[in-house]
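Listed below are the residues making up each chain.
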Amino acid sequence: MSEDNEDFLDEELLDSNSIENMDIDEENKGLYEHLNITVDNKQEPLRIDKFLLIYRQNSSRNKISQTCRAGNVIVNGTPVKQNYRVKPGDQISVLLAHPPRANVIIPQDIPLHIIYEDEDLVVVDKEAGMVVHPGHGNWDGTLVNALAYHFEKNGQKSDLDRVGLVHRIDKDTSGLLVIAKNEYALSFLAKQFFNRTTKRLYWAFVWGNPQEDEGTIRGHIGRHPKNRMQMSVYEDGSQGKHAVTHYKVLERFKYMTWVECKLETGRTHQIRAHFKHIGHTLFNDERYEGHTPLRGINLPKYKQFIKNVFEILPRHALHAHTLGFIHPTTKKELYFESPMPKDMADAVKKWRNYLEN
């Protein structure tokens, strides 16, 4: 993918498995861990650029210097400058903007739900639990591996590590994705995502009962000050990036609510962070502490009911429901809807029965 097109990647939808290995203050670039070093207890103080030059003898001083300047050398969780002096026990990570095995995409025969395909693009309805792109800890079994097999089987060629992904969704988020098959389609589609002219709506189940039937959540989103795995909302704009989420209530279940979300911006975990901020964490969102009963009554029967629903819906309740865009070649609008996945639909049925009885 060209550098310009990297800027179009939808940040809200980056794979959650990659977040622990990337600098999520970088707004639109996924970073991958290339080195993970624990400094020896007998190491004497030494500038980190010299230390890395010794450790990686095939790297140039300039490359190491530029990596430090970009904030991609992390020591004990904090980016450091090239003159930082390493100390015994330091945990060093070097992050770069491409996977260490970027050119090794293994085609794998993995079932895919393809709902549309032509010479320029393919639209996939992704199941929850599938990582979108290979990365640290997930080099295979991903959507890209499955697409590589699909294209190979049909005699098609697509350099999926350079082109293809216009946007991403978290591993445990289900729903619609469009993948480009050539550079022109990628650029044309990416521009629409960048300009927010695509038609995308998300369905989410959130804890509690929002007061208004419709609302807007505003607040900068940036890294949580203590928990790297989470994003936080900064209403005063002191940190993070501008973010706006519009929502509409579709159905209320007294202690849980089904909402429709439209993103005005696209930040990492935007829906998840915004709803936690207003006290309505996504249902069963373990990363944001939504995997225990946050609303309801303190009775064993209710707690058992919630446990049963968690078993039916063993992931955060978020689904990319609609996707609309202008086709790169025909210039006609394409529009797709993904029905509610079975786990979320079964959870709705269980809540309705619970309230009726």
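Residues numbered from 1 in each chain as written. Predicted model: local features only at pLDDT ≥ 70, side-chain atom pairs only at ≥ 80, totals over all residues. Heavy atoms only, no water.

A.B. asks: Would you mind going over the overall build of the chain with me for this structure?
C.D. replies: Within the chain, the regular secondary structure consists of nine helices and 17 strands. Counting over 357 residues, the chain shows a buried share of 51%. Sequence-distant contacts, at least 24 apart, represent 68% of the contacts inside the chain between residues at least 6 apart. Here the chain has roughly 17,100 Å² of accessible surface; of this, 46% comes from carbon and sulfur atoms. (Helix = DSSP H or I, 4+ residues; strand = E, 2+ residues; numbered from the N terminus. Buried < 20%, exposed > 50% of the residue type's maximum accessible area, 1.4 Å probe, protein only. Contact = heavy atoms within 4.5 Å. Areas by Shrake-Rupley, 256 points an atom, 1.4 Å probe, with all protein chains shown as cover.)

A.B. asks: How should the nonpolar core be read in this particular structure?
C.D. replies: Nonpolar side chains in soluble globular proteins tend to be buried together. In terms of nonpolar packing, the biggest core is built from 20 residues, with Phe-205, Phe-283, Tyr-302, Ile-306, Leu-313, Met-340 and Trp-351 touching the most fellow members. Secondary-structure elements contributing two or more residues to this core are strand S10 (199-207), strand S15 (256-263), helix H8 (300-312) and helix H9 (342-356). Those residues in contact with Tyr-302, other than ones at most four positions away along the chain, are Trp-207, Tyr-255, Pro-293, Arg-295, Gly-296, Ile-297, Trp-351 and Tyr-354. (Core = buried A, V, L, I, M, F, W, Y, C linked by side-chain atoms within 4.5 Å.)

A.B. asks: Looking at this structure, how should I read the packing of aromatic side chains?
C.D. replies: How two aromatic rings sit relative to each other is given by the distance of their centres and the angle of their planes. This model, assessed by the stated rule, comprises 17 aromatic pairs. Arranged with centres 6.2 Å apart and planes meeting at 80°, the rings of Trp-351 and Tyr-354 form a pair that is edge-to-face. Of this pair, Trp-351 and Tyr-354 are both found in helix H9, three residues apart, which corresponds to roughly one turn of the helix. Counting every residue linked through ring pairs, the aromatic cluster contains Trp-207, Phe-253, Tyr-255, Phe-283, Tyr-302, Phe-305, Phe-310, Trp-351 and Tyr-354. (Phe/Tyr/Trp six-rings, centres within 6.5 Å; stacked < 30°, edge-to-face > 60°.)

A.B. asks: Which parts of the structure should I look at to understand helix H4 (residues 61-69)?
C.D. replies: At 3.6 residues per turn, the α-helix brings residues three or four places apart onto the same side. Among the residues of H4, Ile-64, Ser-65, Thr-67 and Cys-68 are the ones counted as buried. Each buried residue of H4 lies within a common arc of 160° when the element is viewed along its axis, so the set occupies one face. Exposed residues lying more than 90 degrees from the buried face of H4 are Asn-62 and Arg-69. Backbone geometry just downstream of H4 places Gly-71 in the positive-phi region, at approximately 80°. (Arc of directions from axis to C-beta.)

A.B. asks: Is there a simple way to think about the pattern of salt bridges in this case?
C.D. replies: Two side chains bearing opposite charge may form a pair once their charged atoms approach each other closely. Scanning the model with the defined rule gives eleven salt bridges in all. Among the salt bridges present, the one from Glu-117 reaches Lys-181, with a minimum N-O distance of 2.7 Å. Separated by 64 residues along the polypeptide, Glu-117 in strand S7 (residues 114-117) and Lys-181 in the loop between strand S9 (174-180) and helix H6 (183-194) bring together distant segments of the chain. A residue is classified by how much of its surface remains accessible, and Glu-117, at 28% relative accessible area, is partly exposed. The partner of Asp-285 in a salt bridge is Arg-272, with the nearest N and O atoms 2.8 Å apart. With Asp-285 in the loop between helix H7 (270-277) and H8 and Arg-272 in helix H7, this pair connects stretches of sequence that are 13 residues apart. The exposure classification of Asp-285 matches that of Arg-272, with both residues buried. Via salt bridges that share partners, Asp-170, Arg-272 and Asp-285 belong to a single interconnected network. (Salt bridge = Lys/Arg side-chain N within 4 Å of Asp/Glu carboxyl O.)

A.B. asks: For this particular structure, what's the right way to read the packing of H8 against H9?
C.D. replies: The packing of two helices is summarised by the inter-axis angle and the distance between the axes. Packing of H8 against H9 brings their axes to within 9 Å, and their N-to-C directions diverge by 160°. Overall, the two elements H8 and H9 adopt an arrangement that is roughly antiparallel. Judged by the twist between their axes, the crossing of H8 over H9 is right-handed. Residues Tyr-302, Phe-305, Ile-306, Asn-308, Val-309 and Ile-312 of H8 form the contact with H9, whose participating residues are Asp-343, Asp-346, Ala-347, Lys-350, Trp-351 and Tyr-354. (Axes fitted to C-alpha atoms, helices over the stretch in contact; angles between N-to-C directions. Parallel < 35°, antiparallel > 145°, perpendicular 65-115°, else oblique. Left-handed = near helix turned anticlockwise from the far one by under 90°.)

A.B. asks: Could you clarify how one ought to interpret the pairing of strand S8 (residues 121-126) in this entry?
C.D. replies: Every other side chain in a regular strand lies on the same face of the sheet, so the side chains alternate between the two faces. Extensive coverage of S8 is indicated by the burial of six of its six residues. Burial along S8 is two-sided: Leu-121, Val-123 and Asp-125 and Val-122, Val-124 and Lys-126, pointing in opposite directions, are all buried. As paired elements, S7 and S8 share three bridges and run antiparallel to each other. The residue of S8 that forms the bridge with Ile-114 is Val-124. Hairpin geometry of S7 and S8 is characterised by an intervening segment of three residues between the two adjacent antiparallel strands. With six bridges joining them, S8 and S9 adopt antiparallel strand pairing. Bridging across to S9, Lys-126 finds its partner in Gly-175. (Pairing = 2+ DSSP bridges.)

A.B. asks: Help me understand the pairing of strand S13 (residues 231-234) in this model?
C.D. replies: Burial of the side chains of S13 extends over both faces: Met-231 and Val-233 are buried on one face and Ser-232 and Tyr-234 on the other. Relative to S13, strand S12 (residues 220-223) runs antiparallel, the two being bridged by four bridges. Bridged to Arg-223 within S13 is Met-231.

A.B. asks: When you look at the side chain of His-150 in this model, what are you seeing that I'm missing?
C.D. replies: For His-150, the location among the structural elements is in helix H5 (residues 143-153). Here His-150 is in contact with Ile-114 and Glu-117, once residues within four sequence places are set aside.

A.B. asks: Quick question: what am I supposed to make of unusual backbone geometry here?
C.D. replies: Residues apart from glycine generally show negative phi values, whereas peptide bonds are mostly found in trans. Positive phi values are uncommon outside glycine, yet Lys-254 reaches one of about 70°. You can see Lys-254 is positioned in the loop between strand S14 (244-252) and S15. Even without glycine at this site, Asn-284 takes up a positive phi of about 60°. With respect to the helices, strands and loops of the structure, Asn-284 is situated in the loop between H7 and H8. Overall, the relative accessible area of 11% leaves Asn-284 in the buried class.

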